[in-house]
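Descriptive structure summary
Residue-level listing of the chains:
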Amino acid sequence: MSRAPGGRAGIPRVALPAGVHRDTLAVREGLPRTPWGENSEALFLTSSFVHPDAATAAARFAGDEEAFVYSRFGNPTVAMMERRLAALEGTEACIGTASGMAAVLLLLLGLLRAGDHVVCSRSVFGSTIRLFQDFARFGVETTFVSQTDVGQWRAAMKPATKLLFAETPSNPLTEVCDIAALAGIAHAQGALLAVDNCFCTPALQRPRELGADLVVHSGTKYLDGQGRVVAGAVCASEALVAEVFVPVMRSAGMALSPFNAWVVLKGLETLSIRMQAQSARALELARWLQQQPQVERVYHPGLPSHPQHALAMAQQGGVGGPVLSFVVRGDDAAAARRHAFAVIDATRICSITANLGDTKTTITHPASTSHGRLTEAQRQAAGIGQGMVRVAVGLEHVDDLKADLARGLATIGA
Ligand SMILES: *Cc1c(COP(=O)(O)O)cnc(C)c1O
């Protein structure tokens, strides 16, 4: 039995019947209700917790008795969110963090030391790439490899490789990597596989079931689902959370605010139906876009034309996810950019923002926003041209979204 500073392991769970379904866990897993009998989960806005006497306080600080002590490393509302997300991901435990990037930072601070080596997809979130590059200052070296070529991951392995890091599907090309194959490569030499599950969430894809050791989340996206808060989490074994991540959290302090945890906790209740509904709209929009003469190419894992369609369907529960990209025609890069901007600027419903994971559909031009700091050559290598538009589909009626895009497409000569 691990000792968990800040009190985690021994705090009571909701007593659910064994074997209830994930949909039930999404609305019921957490801590038992307080004596007040609230039906909606309580929001504990308190920085510290009081003890009945000095001896009990001493026992709790020493980790000999489980209790909440201080909200930097343990809070009932945060614990509820952690339990619920762990239940959905199928991991033993979870630790909430202040943001998705704080989750990646916690992972690196907890698992790596000078001399260690990491293999990471070159298609992961831009700030994640930056953070891995920054860790070179502390003697952690990272090799960036292809999202889809498993052979490159295998070839990049070194005796010092401790961590493989993937994100699937990628943004904005929706490229899919084979989680089970990467887990095999990692475990063959005792390394760990971490997967950023932001784009599919456990509603569609559960990396743990495919062999991943750690699941990273930006709760800012689909877990909240309505664009309200910044949040993050790492899901892992109880041993990793209690013995590796909680001690780092205790001293480094990238803690998730109870309020933000509460918003995410309530978001998890509707996660599955949102992901199904938004993914269905995205697939319909992708099919429609494929038929538009002004559109050169559409990227969505649910389309049979997607290069990893079969893998995506097997790995994501038969669902392509809510994010798609498309490329508008243009004789050269300048024309393509003008056409992409025309489509974006003609929308009256879609929000022009690089964020995603919202019930409100968002539209963005990756080449000048999320990938704007790359050189044109780097963008070409990454396959992100000036004609590309990314849409993260929300819950509006799909006919209204089609009309919103058709308005701008109609201005492009076919
Ligand atoms: C947004 C995002 C992050 C970072 O999350 P924040 O909550 O913004 O810190 C990490 N990974 C992916 C895939 C993201 O989309």
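Higher on the page you've got the structure.
Computed from a predicted model, the values in this text were never measured in an experiment.

Let's talk about the pattern of salt bridges
A complete count under the given rule lists 16 salt bridges for this structure. Between Asp224 and Arg228 there is a salt bridge, and its shortest N-O distance comes to 2.7 Å. Residue Asp224 is classed as buried on the basis of its relative accessible area, which comes to 0%. We classify Arg228 as partly exposed; its relative accessible area is 45%.

Quick notes on the packing of helix α4 (residues 100-111) against helix α5 (residues 126-134)
Packing of α4 against α5 brings their axes to within 10 Å, and their N-to-C directions diverge by 30 degrees. Considering the angle they form, α4 stands roughly parallel to α5. Of the two elements, α4 crosses α5, and the hand of that crossing is right-handed. Across the interface between the two elements, Met101, Val104, Leu105 and Leu108 of α4 pack against Ser127, Thr128, Leu131 and Phe132 of α5. Residues belonging to the contact of α4 with α5 are distributed by class as follows: 6 nonpolar, 2 polar and no charged.

Some thoughts on the sheet that holds strand β12 (residues 388-392)
Here 5 strands make up an open sheet; going across it, the order is β8-β9-β12-β11-β10 and the pairing mixed. In this open sheet, the two strands that pair with only one neighbour each are β8 (295-299) and β10 (351-352). One ladder, built from 5 bridges, connects strand β9 (residues 323-328) with β12; its direction is antiparallel. Following the sheet pairing, Phe326 is matched in β12 by Val389. Contacts from helix α13 (residues 333-345) reach β9, β10, β11 (362-364) and β12 within the one sheet, and its direction differs from that of β9 by about 130 degrees.

Considering unusual backbone geometry
The general pattern is negative phi for most residues beyond glycine and trans for most peptide bonds. Look at the link from Thr168 to Pro169: it is a cis peptide, with omega at -5 degrees. Within the element layout of this structure, Pro169 appears in the loop between β4 (161-167) and α7 (179-187). Cis geometry is found at the peptide bond from Asn171 to Pro172, where omega equals 0 degrees. Even without being a glycine, Thr174 presents a positive backbone phi close to 55 degrees. Notably, Thr201 is not glycine yet its phi reads approximately 60 degrees, a positive angle. Summarising the element assignment, Thr201 is placed in helix α8 (residues 201-204).

Regarding a nonpolar patch on the surface
Where nonpolar side chains cluster on the molecular surface, the patch consists of Leu43, Leu45 and Phe259 and spans about 280 Å² of accessible area. Structurally, the position occupied by Phe259 is in helix α10 (residues 258-269). A residue is classified by how much of its surface remains accessible, and Phe259, at 39% relative accessible area, is partly exposed.

Analysis parameters
Residue numbers here run from 1 along each chain, matching the order of that chain's written sequence. Totals for whole chains, interfaces and linings use every residue, but because this is a predicted model, local features are given only for residues with pLDDT of at least 70 and side-chain atom pairs only at 80 or more, for both listing and counting. Only heavy atoms go into the side-chain values, all of them from the structure, while hydrogens and water stay out. Salt bridges are counted wherever a side-chain nitrogen of Lys or Arg sits within 4 Å of a carboxyl oxygen of Asp or Glu. Per-residue accessibility, obtained with a 1.4 Å probe over protein chains only, is compared with the maximum for each type, and a residue is labelled buried under 20%, exposed over 50%, and partly exposed between these values. Simply put, an axis is a line fit to the C-alpha atoms, just over the touching stretch for a helix, and the angle between two N-to-C directions goes from 0 to 180 degrees. Under the DSSP-based scheme used, a helix requires at least four consecutive residues in state H or I and a strand at least two consecutive residues in state E, with every element numbered from the N terminus. Angles are sorted into four bins: roughly parallel if under 35 degrees, roughly antiparallel if over 145, roughly perpendicular if 65 to 115, and oblique for all others. Crossing handedness follows the turn of the near helix against the far one: under a right angle anticlockwise gives a left-handed crossing, and clockwise gives a right-handed one. Whether two residues are in contact is decided by their heavy atoms: any pair within 4.5 Å suffices. Each residue gets one label: Ala, Val, Leu, Ile, Met, Phe, Trp, Tyr, Cys and Pro are nonpolar, Asp, Glu, Lys and Arg are charged, and the others, such as Gly, are polar. Whether two strands pair comes down to DSSP finding at least two bridges between them. Here a patch means residues that are over 30% exposed by relative accessible area and free of salt bridges, tied together within 9 Å if like-charged and within 5 Å if nonpolar (Val, Leu, Ile, Met, Phe, Trp, Tyr). A 1.4 Å probe and the Shrake-Rupley method give the accessible areas. Residues count as covered only by the protein chains that appear here.

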